[in-house]
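Listed below, chain by chain, are the residues.
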Amino acid sequence: MPTAYSLLPTIIAEASRLGCQAGCLTYKTNKGLIDLKLIRSWEDGYEAIIEKIVSRGDADTRDIENIVRDVIEGVRKGGDEALIEYTKRFDGVVLTPSEIKIKGDDIKEAYRTADEDMVTSIRVATERIEGFHNKQIEKSWDYQESDGVVLGQIIRPITQVGVYIPGGKASYPSSVLMNVIPARVAGVKKIIMCTPSSHDGINPYVLIAADISGVDEIFKVGGAQAIAAMAYGTGNIPKVDKIAGPGNIYVAIAKRLVFGEVGIDMIAGPTEILIIADKTGRADYIAADLLSQAEHDEMAVPILVTTSEELAEDVKRRLFIQCDGQSRSDIIKESLGKHGFIFIVKDMHEAIELSNRIGPEHLELAVDDPLKILDRVENAGAVFLGHYTPEAVGDYMAGPSHVLPTGGTSRFSSPLGVYDFLKRTSLISYTEEGLRKIADPVLDIARLEGLDAHARAVMIRRENL
């Protein structure tokens, strides 16, 4: 969903350098030129471009890190006063300490101005997201061995969570639901939310989504300063135990820098979609789904991998037909021009292998029998099966959180879920008999590691058994 920043700065240059060898073609739209790159796996330059996509997480952010460090330290030391100053400097919004927190009357006004059908749709989405995440609830467990030893795991929710919801190019009520509901289902005791305010205030549907999903307190601050405020606390904003939610590069780096002081969900990069299609794929559907991610941000990454040359050409044509009617066509065109690719591969095995290397945030299997190849998918944030499962349903209504690993991190991380807001504590209880049985192996390993005090802690008990 919401994007963070581009980590593919050299791909377009590489594709242009390869020229006709990589099948790169330029197409004209009503509003300018877009260089849409069509690349065949058997042609020169294919592997070089794939390597750059796979390494899209590499970026030098040291200059931005220095700025963010200063902001974090300023908020840590200056509290609300620094928060107000940074909000004025970066967002152009002047706040007083009493205006940082959203009041109950603001929520009531949001409902008063909202379209009832929109509110109903938010409630329907809430029910579906709750239903899915209720399946993820974990329970404490334990077991007893024959000698009376009890071992187990205690499950407890995190006490306080902060959720960041970006503003900027668009407002995202859906992101409120997708971040807050898993935390609430987990049993988090207090959920606060920070979101930047414009001169026109906060989008009413963001406030309504926060109210419906169970946010306890809302603060109209954004950027790195909001992350710092939730990590360290200010006069108005309480310190939390974990921060979740997407944002721009400043927010992403701020989350990384405060990790350790608080927990974080993940570092989100640009939104991504990779569609694997065979000859049964519908070009109009595929084009629409690629555009649905491209419209998020100029840095979004839309990719088609297909075994059909005919389908590739048809999708390419329909992309530009559909693009010119979109309200965010300028953003779409830049995304397609910089980061859009159509790869033609020899067979479905090669298509899945490529997808697993890239590890996309969203993976659509627009093929005749998606279940036949599903078991071979190893790295993806979410998988959408068949011709009638557009990624957009996952963004809003399907049920799983749309907060997904990006930048290839699906190799080792998972979608946001209830488990992200739970703590697990190991439970260990030994009896005299149980300790006697394992004393010698414990002593052996303690001595092997040269930790005599560890050995003594067991020996002193065994001497009294």
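See the structure shown above.
Residues numbered from 1 in each chain as written. Predicted model: local features only at pLDDT ≥ 70, side-chain atom pairs only at ≥ 80, totals over all residues. Heavy atoms only, no water.

Visitor: Help me get a handle on the overall build of the protein, residues and values and all.
Guide: Within the protein, the regular secondary structure consists of 17 helices and 15 strands. Counting only C-alpha atoms and orienting by the principal axes, one finds that the protein spans roughly 85 × 55 × 45 Å. When each of the 465 residues of the protein is scored for burial, the buried share is 53%. Taking contacts inside the protein between residues at least 6 apart in sequence as the whole, the part at least 24 apart equals 74%. Per element, the accessible surface of the protein, about 21500 Å² overall, is 50% carbon and sulfur. The average position of the 52 basic charges and that of the 69 acidic charges among the side chains of the protein differ by 3 Å. (Helix = DSSP H or I, 4+ residues; strand = E, 2+ residues; numbered from the N terminus. Buried < 20%, exposed > 50% of the residue type's maximum accessible area, 1.4 Å probe, protein only. Contact = heavy atoms within 4.5 Å. Areas by Shrake-Rupley, 256 points an atom, 1.4 Å probe, with all protein chains shown as cover. Lys, Arg positive; Asp, Glu negative; His and termini not counted. Charge placed at Lys NZ, Arg CZ, Asp CG, Glu CD.)

Visitor: Please provide a residue-by-residue account of the nonpolar core, values included.
Guide: Val176, Leu177, Met193, Leu207, Ile208, Ile218 and Phe421 are the most contacted members of the largest nonpolar core, which has 40 residues in total. No other element matches helix H6 (residues 173–186), which puts eight residues into this core. Apart from the residues lying within four places of it in its own chain, the contact partners of methionine 193 are Val163, Ile165, Val176, Val206, Ala210, Val215, Glu217, Ile218 and Phe219. Counting residues in each nonpolar core, the second largest holds 33 residues, with Ala82, Leu83, Ile192 and Ile237 among its members. (Core = buried A, V, L, I, M, F, W, Y, C linked by side-chain atoms within 4.5 Å.)

Visitor: Before we move on, could you go through the sheet that holds strand E5 (residues 160–164) and cite the residues and values that matter?
Guide: Ordered by their spatial adjacency, five strands build an open sheet running E7-E6-E5-E8-E9, and the pairing between neighbours is parallel. The sheet terminates laterally at strand E7 (217–219) and strand E9 (263–264), the two strands that pair on one side only. The pairing of E5 with strand E6 (residues 190–194) spans five bridges and is classified as parallel. Each residue of the ladder has a partner; that of tyrosine 164, found in E6, is cysteine 194. Packing against the sheet, H6 makes contact with E5, E6 and strand E8 (242–244), and its axis sits at approximately 165 degrees to E6. Its contacts with the sheet place helix H8 (residues 223–232) against E5, E6 and E8, and it is angled at close to 175 degrees to E5. (Pairing = 2+ DSSP bridges. Axes fitted to C-alpha atoms, helices over the stretch in contact; angles between N-to-C directions.)

Visitor: Just give me the short version of the packing of aromatic side chains, but keep the residues and values in it.
Guide: For the structure shown, the criterion picks out five aromatic pairs. Summarising the aromatic geometry, the rings of phenylalanine 341 and phenylalanine 343 are spaced 5.5 Å apart at their centres and angled 5 degrees between planes, so their arrangement reads as stacked. Judged on exposure class, the residue phenylalanine 341 and its partner phenylalanine 343 are both buried. Through successive ring pairs, a cluster of aromatic residues spans Tyr46, Phe341 and Phe343. Taking NZ or CZ as reference, lysine 242 lies 6.0 Å from the ring centre of phenylalanine 421, over its face. (Phe/Tyr/Trp six-rings, centres within 6.5 Å; stacked < 30°, edge-to-face > 60°. Lys NZ or Arg CZ within 6 Å of the ring centre and 35° of its normal.)

Visitor: Tell me about the pairing of strand E12 (residues 341–344), residues and numbers included.
Guide: Of the two faces of E12, the one holding Phe341 and Phe343 and the one holding Ile342 and Ile344 are both buried throughout. Here strand E11 (residues 301–306) pairs with E12 via four bridges, running parallel. By the bridge assignment for E12, threonine 306 is matched with isoleucine 344.

Visitor: A description of the packing of helix H16 (residues 432–448) against helix H17 (residues 452–462) should follow, citing residues and the corresponding values.
Guide: Relative to each other, H16 and H17 sit at 155 degrees, their axes nearing to 9 Å. Taken together, H16 and H17 sit at an angle that is classed as roughly antiparallel. With respect to the hand of their crossing, H16 and H17 are arranged in left-handed fashion. From H16, Leu435, Ala439, Asp440, Val442, Leu443, Ala446 and Arg447 reach across to H17, where they touch His454, Ala455, Val458, Met459, Arg461 and Arg462. Partitioning the contact of H16 with H17 into residue classes produces eight nonpolar, one polar and four charged. (Parallel < 35°, antiparallel > 145°, perpendicular 65-115°, else oblique. Left-handed = near helix turned anticlockwise from the far one by under 90°. Nonpolar A, V, L, I, M, F, W, Y, C, P; charged D, E, K, R; others polar.)

Visitor: Please provide a residue-by-residue account of the sheet that holds strand E15 (residues 422–429), values included.
Guide: With antiparallel pairing, three strands are arranged side by side in an open sheet as E3-E4-E15. A strand with exactly one partner marks an edge of an open sheet, and here the two such strands are strand E3 (141–144) and E15. Sheet twist, expressed as the average angle between the axes of neighbouring strands with direction ignored, equals 15 degrees. As paired strands, strand E4 (residues 150–157) and E15 are joined by eight bridges and run antiparallel to one another. Pairing of isoleucine 155 across the sheet is with arginine 424, part of E15.

Visitor: Run through the environment of alanine 210, naming residues and quoting values.
Guide: Inspection of the secondary structure puts alanine 210 in helix H7 (residues 204–213). You can call alanine 210 buried: its relative accessible area is 0%. A sequence separation of 38 residues divides alanine 210 from tyrosine 172, and the C-alpha atoms of the two residues are 11 Å apart. If we skip the residues at most four places from it in the chain, alanine 210 touches Val176, Met193, Val215 and Ile218.

Visitor: Describe H16, with residues and values.
Guide: In a regular helix each residue adds 1.5 Å, so 17 residues correspond to 24 Å; H16 covers 24 Å between its end C-alpha atoms and thus fits that length. If you look at H16, its biggest bend is around 45 degrees, right at alanine 439, and the proline proline 441 turns up within four residues after that. Where H16 is concerned, the buried positions are Gly434, Leu435, Ala439, Leu443 and Ala446. As for H16, its buried residues are in contact with H17. Looking one or two places after H16, you find glycine 450, whose phi comes out positive at around 70 degrees. (Expected span 1.5 Å × (residues − 1). Bend = angle between axes of the 7 residues up to and from the residue.)

Visitor: Can you break down the environment of valine 68 residue by residue, with the values?
Guide: Along the chain, valine 68 falls in helix H3 (residues 62–91). Measuring from C-alpha to C-alpha, the distance between valine 68 and glutamate 364 comes to 36 Å, with 296 residues separating the pair along the chain. Beyond its immediate sequence surroundings of up to four residues, valine 68 is in contact with Ala224, Tyr250, Ile253, Ala254 and Leu257.

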